[in-house]
Amino acid sequence: MAKHNFKELKIWQRSIDLAAKVYSLTAKFPDSEKFGLISQTRRSAVSVPSNIAEGSGRGSNKDFSRFLDISLSSSFELETQLIIAKMLNFKGTNDESFNLTIAELSEVQNMIFGFQKKIK
């Protein structure tokens, strides 16, 4: 039995919202990036809540913490991909929604780190 119900975890809820925003944002990227940066960015975004959910089902906080590490790593990968998209001036990366997405990503990263410290 899982120690944590992932659906009740704020870090999971926030990371689900973030993933949805990333999907909307990347829909504006060039079609030529469909199998490149769009795909990779979306996979990273989905990996964040997915690893939180998977880890919550593990038998120990140590195992859960390992999945939180993976989730945090995916969030840094996502941040890097968004920075690259901005450097390439992709459509949507100069909008306020992009800045809000980056800010939300930073909040999610801090939440994951804080939760990880709490369960250790």
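Whatever comes next refers back to the structure up there.
**Q** With reference to specific residues and values, describe the pattern of salt bridges.
**A** Taken as a whole and judged by the stated rule, the model has five salt bridges. We note a salt bridge from glutamate 104 to arginine 14, for which the minimum N-O separation is 4.0 Å. Here the residue glutamate 104 occupies a position in helix H4 (residues 96-119), and arginine 14 occupies one in helix H1 (residues 10-26), the gap between them amounting to 90 residues. Classification of glutamate 104 by relative accessible area gives buried; the value is 8%. A salt bridge links lysine 21 to glutamate 104; the shortest N-O distance between them is 2.5 Å. Of this pair, lysine 21 sits in helix H1 while glutamate 104 sits in helix H4, and the two are 83 residues apart along the sequence.

**Q** Quick rundown of the side chain of glutamine 109? Include the residues and the values.
**A** Here glutamine 109 is to be found in helix H4. What makes glutamine 109 buried here is its relative accessible area of 8%. Side chain to side chain, glutamine 109 and glutamate 79 meet in a polar contact 3.1 Å long. Look past the residues within four positions of glutamine 109 in its chain and what remains in contact with it is Leu72, Ser75, Phe76 and Glu79.

**Q** Now, about the nonpolar core: what can you tell me, with residues and values included?
**A** It is characteristic of soluble globular proteins that their nonpolar side chains tend to be buried jointly. Residues Leu9, Ile52, Leu68, Leu78, Ile112 and Phe115 are the most contacted members of the largest nonpolar core, which totals 27 residues. Elements with a minimum of two residues in this core: H1, helix H2 (37-56), helix H3 (61-87) and H4. Aside from chain neighbours lying at most four places away, what touches leucine 78 is Leu18, Val22, Thr41, Ser44, Ala45 and Leu105.

**Q** An account of unusual backbone geometry is needed here, citing residue identities and associated values.
**A** In this structure, asparagine 89 is a non-glycine residue whose phi angle is positive, near 60°. By the secondary structure assignment, asparagine 89 is in the loop between H3 and H4. Overall, the relative accessible area of 53% leaves asparagine 89 in the exposed class.

**Q** Requested: an account of the side chain of threonine 101, with residues and values cited.
**A** Relative to the helices and strands, threonine 101 is located in helix H4. With a relative accessible area of 4%, threonine 101 lands in the buried category. Among the polar contacts made by the side chain of threonine 101, one reaches the main-chain carbonyl oxygen of serine 97 at a distance of 2.8 Å. When neighbours within four sequence positions are excluded, threonine 101 is seen to be in contact with Leu18, Lys21, Val22 and Leu82.

Cut-offs applied
Residues numbered from 1 in each chain as written. Predicted model: local features only at pLDDT ≥ 70, side-chain atom pairs only at ≥ 80, totals over all residues. Heavy atoms only, no water. Salt bridge = Lys/Arg side-chain N within 4 Å of Asp/Glu carboxyl O. Helix = DSSP H or I, 4+ residues; strand = E, 2+ residues; numbered from the N terminus. Buried < 20%, exposed > 50% of the residue type's maximum accessible area, 1.4 Å probe, protein only. Polar contact = N/O pair within 3.5 Å; in protein donor to acceptor, adjacent residues only side chain to side chain. Contact = heavy atoms within 4.5 Å. Core = buried A, V, L, I, M, F, W, Y, C linked by side-chain atoms within 4.5 Å.

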